[in-house]
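Inside the fold
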Amino acid sequence: MRTAIGFALIATLLASPKALAQEGELIKYSVVEIENLLANFKATYKNKKAPEEDVDDVLTGLTDAYKYLASKEPEDLTKEEEKAQKAIVSMVAKGLKARKRARVNVQCAIALGKMGDKAGAKPLLKWLDGTVFDMKNPNSGWVEYGMQSLAWIGPTDSKSLDFLRSYATGKHNDTNVAAQCLMATFEWRMMPGKSRKEMFNKIQQYMGGLYSQMRGSDAKKRGEAEQKYNTIKENGLKALHLLSGNDKPFADPDEAFAWWKDNKKGKWPDYENPRFKKKTP
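Now for a description of the structure that goes with this document. (Residues numbered from 1 in each chain as written. Predicted model: local features only at pLDDT ≥ 70, side-chain atom pairs only at ≥ 80, totals over all residues. Heavy atoms only, no water.)

**A few points about the overall build of the chain**
Along the backbone of the chain there are 13 helices and two strands. Counting every position in the chain, which comprises 281 residues, the buried fraction comes to 47%. Taking the contacts inside the chain whose residues are at least 6 apart along the sequence as the reference set, 70% of them involve residues at least 24 apart. Carbon and sulfur atoms make up 50% of the accessible area of the chain, which totals about 15,200 Å². (Helix = DSSP H or I, 4+ residues; strand = E, 2+ residues; numbered from the N terminus. Buried < 20%, exposed > 50% of the residue type's maximum accessible area, 1.4 Å probe, protein only. Contact = heavy atoms within 4.5 Å. Areas by Shrake-Rupley, 256 points an atom, 1.4 Å probe, with all protein chains shown as cover.)

Pasting the structure below:
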C-alpha cells in the first residue's frame, strides 16, 4: 500500500511537460547559472514553509545542467565545471535526507538516477536501507523508483547488486517490497553475465521455495506461501525471463528451474541491447 506518494504523482514527476519537451535536448549552463540553481535548491529543499513543488523546476535544471557537463569530454571541462558537476550530485543527494518532505525525497532519488553518477549510489543505498526499508510497510513507489535509480546509475556496483538481490528475495517482512524490487530488476538485466547468472539463481530459488510450500501438506504454510507467491508471481517470472534471455517466458518456477539446470554451467553472455550476445561457437 502506498503511504505518502502514489504512482500517479510519481508518473507526473517523471513525465512533466517540461521534461518531455527537453527529452533528448542538451541545454548549455554556465557555472554561474549552476551556482544559482544550487543556491535556490539549498534554500528550498528542506524549508517546510516552502511548497515542495518549488524544487521541481530547480531539480530539472540541476539534472539538465549535469547532463550538459557530462556530455563534454573530460579534458574539455574546466576546474570550475568539474567542481560544479560534483556539487550537483552532492546537493541533490542531500534532498534524500529532508525530513517530512516526501515529494522532495522521491524527486531527488529519481534525479540521481537520471544523472547516473556513481557518487549517487551510496546516498541512495543509505536512503533506501535506512529510511525506506526501515518502515514496516514501505512506500512501494519509493522502493521501485529508488531501486530503478540504482540500476540507472550502474549495475556493476557490487553493493547495489547485493542489496537488490537480498530484498528481491524476501529480506523484508513485507512481501510487496520483494515484488517492487523484482519489478526494478527489469532495469538491471544489462548487468554482467556472472552477476545476472547469480541473480537468476537466487530469484528462482526464492520463488521455487514458495511454490513448493504452497503445494505442501501443512495447510497454514500453504496459505502463507500462496499469498506471498501470488504477490511476487508476475514480477518474479518476468524478471527471470529477462535475466535469462530466453525467448519464451516461464510459466512457473518449475519451468524456470528446468531451464536453469540446462543452462547453469559455463559462462553467461553479457547483455547487448536488445538481446544478449551470442555465445561464441
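Additional details are given in the paragraphs that follow.
**A few points about the packing of aromatic side chains**
With the rule as written, the count across this model stands at 13 aromatic pairs. Ring geometry for F200 versus W259: centroids 5.2 Å apart, planes at 55 degrees, classification tilted. Separated by 59 residues along the polypeptide, F200 in helix α11 (residues 193-213) and W259 in helix α13 (residues 253-263) bring together distant segments of the chain. Aromatic pair F200 and W260: ring centres 5.8 Å apart, planes at 20 degrees, arrangement stacked. (Phe/Tyr/Trp six-rings, centres within 6.5 Å; stacked < 30°, edge-to-face > 60°.)

**What to know about the packing of helix α9 (residues 158-168) against α11**
Two numbers describe how α9 lies on α11: the axes approach to 10 Å, and their chain directions differ by 15 degrees. In terms of axis orientation, α9 runs roughly parallel to α11. In the crossing of α9 with α11, the sense of the turn from one axis to the other is right-handed. Contacts from L161, L164, R165 and A168 in α9 reach S195, E198, M199, K202 and Y206 in α11. (Axes fitted to C-alpha atoms, helices over the stretch in contact; angles between N-to-C directions. Parallel < 35°, antiparallel > 145°, perpendicular 65-115°, else oblique. Left-handed = near helix turned anticlockwise from the far one by under 90°.)

**Things to note about the pattern of salt bridges**
Going through the model one piece at a time under the given rule, you end up with five salt bridges. One salt bridge in this structure joins D162 and R165, with 2.5 Å as the shortest N-O distance. Linking D162 with R165, this pair stays in helix α9, spanning three residues, or about one helical turn. Among the ionic contacts, a cluster of salt bridges with common partners joins D162, R165 and E198. (Salt bridge = Lys/Arg side-chain N within 4 Å of Asp/Glu carboxyl O.)

**Section: the packing of helix α10 (residues 175-184) against helix α12 (residues 219-244)**
Closest axis-to-axis distance for the α10/α12 pair is 8 Å, and the angle between their directions is 10 degrees. In terms of orientation, α10 and α12 fall into the roughly parallel class. Along its contact with α10, which presents T175, N176, A178, A179, L182 and M183, the element α12 presents K228, T231, I232, N235, G236 and A239. Taken together, the residues of the contact of α10 with α12 break down into six nonpolar, five polar and one charged. (Nonpolar A, V, L, I, M, F, W, Y, C, P; charged D, E, K, R; others polar.)

**Re the environment of P249**
Take P249: it is sitting in the loop between α12 and α13. The spacing of P249 and L237 is 12 residues in sequence and 7.5 Å in space, taken between C-alpha atoms. Those residues within four positions of P249 in sequence are excluded, and the remaining contacts are H241 and E255.

**Concerning unusual backbone geometry**
We note that K100 has phi near 55 degrees; this positive angle belongs to a residue other than glycine. Topologically, K100 is positioned in the loop between α5 (79-94) and α6 (102-115). Overall, the relative accessible area of 74% leaves K100 in the exposed class.

Everything listed here is a matter of geometry and, on its own, says nothing about what the molecule does.
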